[in-house]
Amino acid sequence: MDRNVIFQHFFQRFGAPAGSLFMAPGRVNLIGEHTDYNGGFVFPGAVCQGIMAAVRPSTGSRMVRAYAIDLDSYCEFCLDDPEGPSRVDFRYLYGVARELMGRGVRVEGFDTVYAGDVPLGAGMSSSAALECCFAYGLNRLFGGGLDRMELALVGQATEHRYVGVNCGIMDQFVSMHGREGSLVRLDCRSGEFEYFPWHPEGYRLVLVNSCVKHELVGSPYNDRRRSCERVAQLAGVETLRDCTWEQLEALRPQLSEEDYRRARYVLGEADRVLAVCDALQHDDYERVGEQMYLTHEGLSKDYEVSCEEIDFLVEVARRCGVTGARIMGGGFGGCTINLVRDDRYEAFTAEVAPAYRARFGVECKVIPVVIGEGARLIDN
Ligand code: GLA
């Protein structure tokens, strides 16, 4: 992401110097997948890749003029239009502005140009980065005074109401709260969180992007969530976080096989997150890795959000002696996250791309993970 390119585009399009420049990141998640909307724990960190936006208020106007460099697409809409743009790319922007307005922020018209370097549909939360970049930026420019947690909720509400994905809070939370060099463990039921410095001596994290684009809009993501809600309701608890193994087993005769397996995954994942927390206190990365493989098995077989390409990447990781590997994010494609011992790193990264090409005829991309900062102002 080159800020000068954003500034140049801004000047060409709007004939004026760009205003403030904001950035919000995508994320990785060590463990705790599909637990956020079940009131459980997640363990994400912000990455260095994200969305950068130049925003210049046009005082007195109600119009937004937006240009997305990566998509080469332009859109204008009025903040007071009750429908907003139909193109999903711009509904994020419209939704964030409307959600801020609904919380009393006096958003006015603005011009914006933005670009990103989080791969789209790779399970790294490019959409949360987009929402959080504008939630943070507009809140700041228009003196909204909302705190970071509220801004994360603005992003999540945008997904729910304007895009149609009933996501949890993990992605927007960490895009707002990320801290360089630290993962953060969030309790999605209470909203409490704690930073864990992430310097795993002798190991590193690396993503492998399968380049199978995942699309959560209109996808079975919402369907997974509905299964969990059905089981929680039958168990008489608010979310699966409060459902015990005994309760689940007792309910089994009443559940479809599919709902049962999905709930079994969620309960298992809650146990795995706790096991990882414990392992981290003892710097036991081999145990962390084991849990990652188990998560993958659960996501693939019980929760059924993996795909052939991703299962293959996890198998290659196993073959290469990678400590832990699993699909990351919402699923249905995107990236694997791999915990790799330093002495296995080269062999793995050299092996994975040719193996993938030979099998699927497609290039996968290796992306080293660097844990970065959350949403921020870059240039005024
Ligand atoms: C997507 C959602 C998150 C979370 C993950 C799965 O990234 O946006 O809220 O549910 O999937 O852990």
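In case you missed it, the structure is sitting above this.
Looking now at the overall build of the protein. In terms of helices and strands, the protein carries 11 helices and 13 strands. Against the globule reference of 21 Å for 380 residues, the protein gives a C-alpha radius of gyration of 21 Å, in line with a compact fold. Each principal axis of the C-alpha atoms in the protein carries an extent, and together these give about 60 × 50 × 40 Å. When the 380 residues of the protein are sorted by exposure, 58% land in the buried category. Contacts spanning at least 24 positions in sequence make up 72% of the contacts within the protein whose residues lie at least 6 apart. Of the roughly 15,300 Å² of accessible surface on the protein, 46% is carried by carbon and sulfur atoms. Positive and negative side-chain charges in the protein, numbering 40 and 55 respectively, have mean positions lying 2 Å apart.

Turning our attention to the layout of surface pockets. Its volume calculated, the largest pocket comes out at about 880 Å³. Going through the elements one at a time, helix 2 (88–102), strand 6 (110–116), helix 3 (126–141), helix 4 (148–163) and helix 5 (170–177) are the ones with two or more residues in the lining of the largest pocket. Counting residues per element, the lining of the largest pocket draws most heavily on helix 3, at four residues. Residue classes in the lining of the largest pocket are distributed as 22 nonpolar, 12 polar and 10 charged. There is about 300 Å³ of room inside the second largest pocket. In terms of lining, the second largest pocket is formed by 17 residues, of which the most central are Asp 36, Gln 156, Ile 169, Cys 188 and Arg 189. Elements with a minimum of two residues in the lining of the second largest pocket: helix 4 and strand 7 (182–187). If one sorts the elements of the lining of the second largest pocket by residue count, helix 4 sits on top with three residues. Of the residues that constitute the lining of the second largest pocket, the class distribution is six nonpolar, five polar and six charged.

A separate point is the site of the ligand. Near the ligand the following residues occur: Arg 27, Glu 33, His 34, Asp 36, Tyr 37, Cys 167, Gly 168, Met 170, Asp 171, Tyr 221, Gly 329 and Gly 330. A distance of 3.2 Å separates an oxygen atom of the ligand from a polar atom in the backbone of Gly 330. Contact with the protein chains hides 96% of the accessible area of the ligand, taken as 310 Å² for the molecule alone. Its atoms largely coinciding with the cavity grid, the ligand occupies the largest pocket. Classifying every residue of the shell around the ligand gives four nonpolar, four polar and four charged.

Another point: the sheet that holds strand 11 (residues 335–341). The four strands lie next to each other as 10-11-9-12, forming an open sheet whose pairing is antiparallel. The open sheet has two edge strands, strand 10 (324–327) and strand 12 (365–368), and neither has a second partner. The sheet shows a mean angle of 20° between the axes of neighbouring strands, direction not considered.

Among the structural elements, Ile 337 can be located in strand 11. With 226 residues separating them along the chain, Ile 337 and Asp 111 place their C-alpha atoms 37 Å apart. Those residues within four positions of Ile 337 in sequence are excluded, and the remaining contacts are Val 28, Asn 29, Leu 30, Leu 205, Val 206, Leu 207, Met 292, Gly 324, Ala 325, Arg 326 and Met 328.

Calculation rules
Residues numbered from 1 in each chain as written. Predicted model: local features only at pLDDT ≥ 70, side-chain atom pairs only at ≥ 80, totals over all residues. Heavy atoms only, no water. Helix = DSSP H or I, 4+ residues; strand = E, 2+ residues; numbered from the N terminus. Rg over C-alpha atoms; globule rule 2.2 N^0.38 Å. Buried < 20%, exposed > 50% of the residue type's maximum accessible area, 1.4 Å probe, protein only. Contact = heavy atoms within 4.5 Å. Areas by Shrake-Rupley, 256 points an atom, 1.4 Å probe, with all protein chains shown as cover. Lys, Arg positive; Asp, Glu negative; His and termini not counted. Charge placed at Lys NZ, Arg CZ, Asp CG, Glu CD. 1 Å grid on protein atoms, 1.4 Å probe; cavity = no way out; pocket = protein on both sides within 12 Å on 5 of 7 lines; lining within 4 Å. Points joined across faces, edges and corners; volume = space filled by probe spheres on them. Nonpolar A, V, L, I, M, F, W, Y, C, P; charged D, E, K, R; others polar. Near = heavy atom within 4 Å. Polar contact = N/O pair within 3.5 Å; in protein donor to acceptor, adjacent residues only side chain to side chain. Sits in = over half its atoms within 2 Å of the grid points. Pairing = 2+ DSSP bridges. Axes fitted to C-alpha atoms, helices over the stretch in contact; angles between N-to-C directions.

Distances and angles like these do not, on their own, reveal function.
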